[in-house]
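Here is what each chain is made of, one letter per residue.
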6 protein chains.
Amino acid sequence: MMLITRRERFNAAHRLFRPEYSPEKNLEVFGKCSNPNWHGHNYELYVTVSGPVNPETGFVINLKILSRIIREKVLDKLDHKNINLEVSFMKGKLASSENLVMAIWEQLEEPIRREGVRLHRIKLYETENNFVEYLGDN
Amino acid sequence: MMLITRRERFNAAHRLFRPEYSPEKNLEVFGKCSNPNWHGHNYELYVTVSGPVNPETGFVINLKILSRIIREKVLDKLDHKNINLEVSFMKGKLASSENLVMAIWEQLEEPIRREGVRLHRIKLYETENNFVEYLGDN
Amino acid sequence: MMLITRRERFNAAHRLFRPEYSPEKNLEVFGKCSNPNWHGHNYELYVTVSGPVNPETGFVINLKILSRIIREKVLDKLDHKNINLEVSFMKGKLASSENLVMAIWEQLEEPIRREGVRLHRIKLYETENNFVEYLGDN
Amino acid sequence: MMLITRRERFNAAHRLFRPEYSPEKNLEVFGKCSNPNWHGHNYELYVTVSGPVNPETGFVINLKILSRIIREKVLDKLDHKNINLEVSFMKGKLASSENLVMAIWEQLEEPIRREGVRLHRIKLYETENNFVEYLGDN
Amino acid sequence: MMLITRRERFNAAHRLFRPEYSPEKNLEVFGKCSNPNWHGHNYELYVTVSGPVNPETGFVINLKILSRIIREKVLDKLDHKNINLEVSFMKGKLASSENLVMAIWEQLEEPIRREGVRLHRIKLYETENNFVEYLGDN
Amino acid sequence: MMLITRRERFNAAHRLFRPEYSPEKNLEVFGKCSNPNWHGHNYELYVTVSGPVNPETGFVINLKILSRIIREKVLDKLDHKNINLEVSFMKGKLASSENLVMAIWEQLEEPIRREGVRLHRIKLYETENNFVEYLGDN
């Protein structure tokens, strides 16, 4: 199995809360992350694809293409944005890292498959201490 | 000269804009950072103090004390906050890294001097590619 | 599959040796790590759990809970300690990274399972060049 | 499952191109990497082996041995070399990260197996943003 | 004093040698870096400028401008190039980090001064273990 | 001014305490670092020298020479050692980072001067959050 990964970064604001919770309940469950005035992160995104090595190019996928897909489908929609308010693919979802990485997966899976390879894993760092990894239904 | 540095981190939302500018002018000057819905960062803060080494403890300053001062004077006010809306010492200031590092200096200089040492330098990373350093009026 | 990881750190002293070996044999097998006067490391610990995403919180596990479990079961017992002399769960074991990561797994598996999720992987860095990963009996 | 990883580094020059392509075609497919005058990288190599923990040493493999194998079979042949011109095990192959990591796998698999353990994964960073992982025929 | 720094990266090939030296002498002085077939690095470049904070923008310099200057004057000429053969501002100079950082200084000093600020320091990493810093005639 | 820096690393055990203090007083002043059974760190050492660039080699100092000096004068004495018990140049000194960096300075200053350059700065990381810098009597 050959895997290739591209790292990209984006900066965004978000807030963790449920509208039906009281402020106290939001604070209890989500801590400082429930601050109504938002906070934000430098997110690091690692997109990993798998596939055979093309004997002509030596590539699983040309990283220029992978990087362009990530830019168009994810970064242009997330970078310097408010995840709760402005990101169509996060509409109606809690802005947790888990939900965000699954939504990014949905954005990337089909365009990457059209290049003849397979989205294998997405890793998303919220801070240097906290990150999630999603492998789809694998 | 002996310098000792403590690294701390905080996550915050901010926005760069001038209220008297048009949205177009704000976008021209501040780019994506002017987004009215905020964005955010994982800030890294390096606080450096200078002073003689205490022969009894081998310390310039006990890092527990330095860390407590940074927490009380800076992190408790900035971490998981909106820099434009919620941080008293940034009131009325553009939320740039330059203005933020100078405001942090003002918060820390006097409490650190009371410990018998001197605030020497503050370094503030906004992203892995962009950081500011402030040395006071030195 | 959704995985979430929390990084924690601890500083500890240790020594690699077998009491029944001669000093020469210990030196031959364990090199400088056999020094009878100890040496130490800044260990980095990455604890990864797997589970479904709770639709109410958007979390696999609340990281405050995961961090507390790691602190109580591992860090309080290892941080600023001598692994050979002071850590009950390493009693009678060679203080290698492999043995340490398995012992940490035993400390964490049950308390994490009680939170309704599953310990998936523990990664332990001894230095920036050397690390082990343990996945249990998976 | 227990995995242990050793990181090593090497600096090398390379070029991505196909001799039968025109310069324009090489530029279109390989971009700046096709520069006929070469460019280079600080490669980071993570070699991961799996196996049972030896109860006598507490080791899957003595890292001195693993490090020596990597040095003899890989680093001595790649470090400060031109991958296209000077590396026998890359002869006739496009010098992509994918081809390089597979060739390194072939160099390491047998010598590591002779130590009673199994080569599990090789991860090769070309830059901080781009890396490949190879797991053999697993 | 306020300093602001922008990090940029480039990948290049080079070789350390003196044409009038014998191969043996080149090897003795420059070691593996004298390999006639080149080797290369992922260089990291930190460009630091100093100046007063503009009260209207909160900036010492708009990082978009600084980044553009570095791109036009340095990266476009160095990235994915052979430093010995293709970089006009290194013509006739030994391709050491010291000479390279001084040549980059000469490229950047005047364009940065035209923006009303002052080039303060350039830091150039050749590897994670080796770097140079140049402060001009300061 | 031209500065060149070499990074080296060592792993060591230490303890912060004063023999004339009671255990309670040691705990109050030095916290967990006073543990009588030792703890340890992966220290990172950055040695910076200044000097003119030799026009023949393009070097301030050949890093092979600088690295050898650091190895002989510092690493061979500190790596995998107990700083309190085994390091002659720390005899009778509290094993704080401040005292350690000054002692390392004394080890390196003269041998580096004999190479025709000047020791400019030593930076010593105890953890990723805590480091000291020493500039001699500059």
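Structure shown above.
Residues numbered from 1 in each chain as written. Chains lettered and ligands numbered in written order. Predicted model: local features only at pLDDT ≥ 70, side-chain atom pairs only at ≥ 80, totals over all residues. Heavy atoms only, no water.

A. Main features of unusual backbone geometry. Even without being a glycine, W38 of chain C presents a positive backbone phi close to 75 degrees. Checked against the element boundaries, W38 of chain C lands in the loop between α1 (23-30) and β2 (39-50). Residue W38 of chain C is classed as buried on the basis of its relative accessible area, which comes to 12%. One non-glycine residue with positive phi stands out, namely H80 of chain F, at about 60 degrees. Within the secondary structure, H80 of chain F is located in the loop between α2 (63-78) and β3 (81-82). (Helix = DSSP H or I, 4+ residues; strand = E, 2+ residues; numbered from the N terminus. Buried < 20%, exposed > 50% of the residue type's maximum accessible area, 1.4 Å probe, protein only.)

B. Quick peek at the relation of the copies chain F and chain C. With an RMSD of 0.0 Å, the operation that places chain F on chain C is a rotation of 180 degrees combined with a shift of 0.0 Å along the axis. Such a combination of turn and shift is consistent with a two-fold rotation axis. A high fraction, 100%, of the interface residues of chain F reappear at the interface in chain C, so the copies pair face to face through one surface. (Least-squares fit on C-alpha atoms with pLDDT ≥ 70 in both. Contact = heavy atoms within 4.5 Å.)

C. Molecular detail of the relation of the copies chain E and chain B. After a rotation of 120 degrees and a shift along the axis of 0.0 Å, chain E superposes on chain B with an RMSD of 0.0 Å. The transformation relating the two chain copies, once decomposed into turn and shift, fits a three-fold axis.

D. Up close: the interface of chain F and chain C. Each side of the interface is counted separately: chain F has 25 residues, and chain C has 25 residues. A combined buried area of about 2,000 Å² lies between chain F and chain C, and 41% of that area is made up of carbon and sulfur atoms. Among the salt bridges present, the one from R9 of chain F reaches E128 of chain C, with a minimum N-O distance of 3.6 Å. Only β1 (2-14), β2 (39-50), β3, α3 (83-86) and β4 (118-127) of chain F provide two or more residues apiece to the side of chain F that touches chain C. (Buried area = accessible area lost by both parts, 1.4 Å probe. Salt bridge = Lys/Arg side-chain N within 4 Å of Asp/Glu carboxyl O.)

E. Geometry of the interface of chain E and chain B. On the side of chain B, 24 residues touch chain E, which itself brings 21 residues to the contact. Interface area, chain E with chain B, both sides summed: about 1,800 Å², of which 48% is carbon and sulfur. The three residues of chain E that bury the most area against chain B are M1, M2 and R7 of chain E, which together make up 30% of that side's buried surface. Inspection of the chain E/chain B interface yields 2 salt bridges.

F. Spatial organisation of the packing of α2 of chain F against helix α4 (residues 97-113) of chain F. Residue and element names in this part refer to chain F. One way to put it is that α2 packs onto α4 with a least axis distance of 10 Å and a crossing angle of 140 degrees. Compared by their axis directions, α2 and α4 come out oblique. Seen from above, α2 lies across α4 with right-handed handedness. Residues L66, I69, I70, K73, V74, K77 and L78 of α2 lie in contact with α4, whose contacting residues are L100, I104, Q107, L108, P111 and I112. Across the contact of α2 with α4, the residue classes tally to 10 nonpolar, 1 polar and 2 charged. (Axes fitted to C-alpha atoms, helices over the stretch in contact; angles between N-to-C directions. Parallel < 35°, antiparallel > 145°, perpendicular 65-115°, else oblique. Left-handed = near helix turned anticlockwise from the far one by under 90°. Nonpolar A, V, L, I, M, F, W, Y, C, P; charged D, E, K, R; others polar.)

G. Region of interest: helix α2 (residues 63-78) of chain B. Along its length, α2 of chain B shows its largest kink, about 45 degrees, at R71 of chain B. Looking at the packing, one finds that the buried side of α2 of chain B touches β1 (2-14), β2 (39-50), β3 (81-82), α3 (83-86) and α4 (97-113) of chain B together with β5 (130-134) of chain F. N-cap assignment for α2 of chain B: the residue whose side-chain oxygen lies 3.0 Å from the backbone N of K64 of chain B is N62 of chain B. Taken from the residues just after α2 of chain B, H80 of chain B is the one with a positive phi, measuring 60 degrees. (Bend = angle between axes of the 7 residues up to and from the residue. Polar contact = N/O pair within 3.5 Å; in protein donor to acceptor, adjacent residues only side chain to side chain.)

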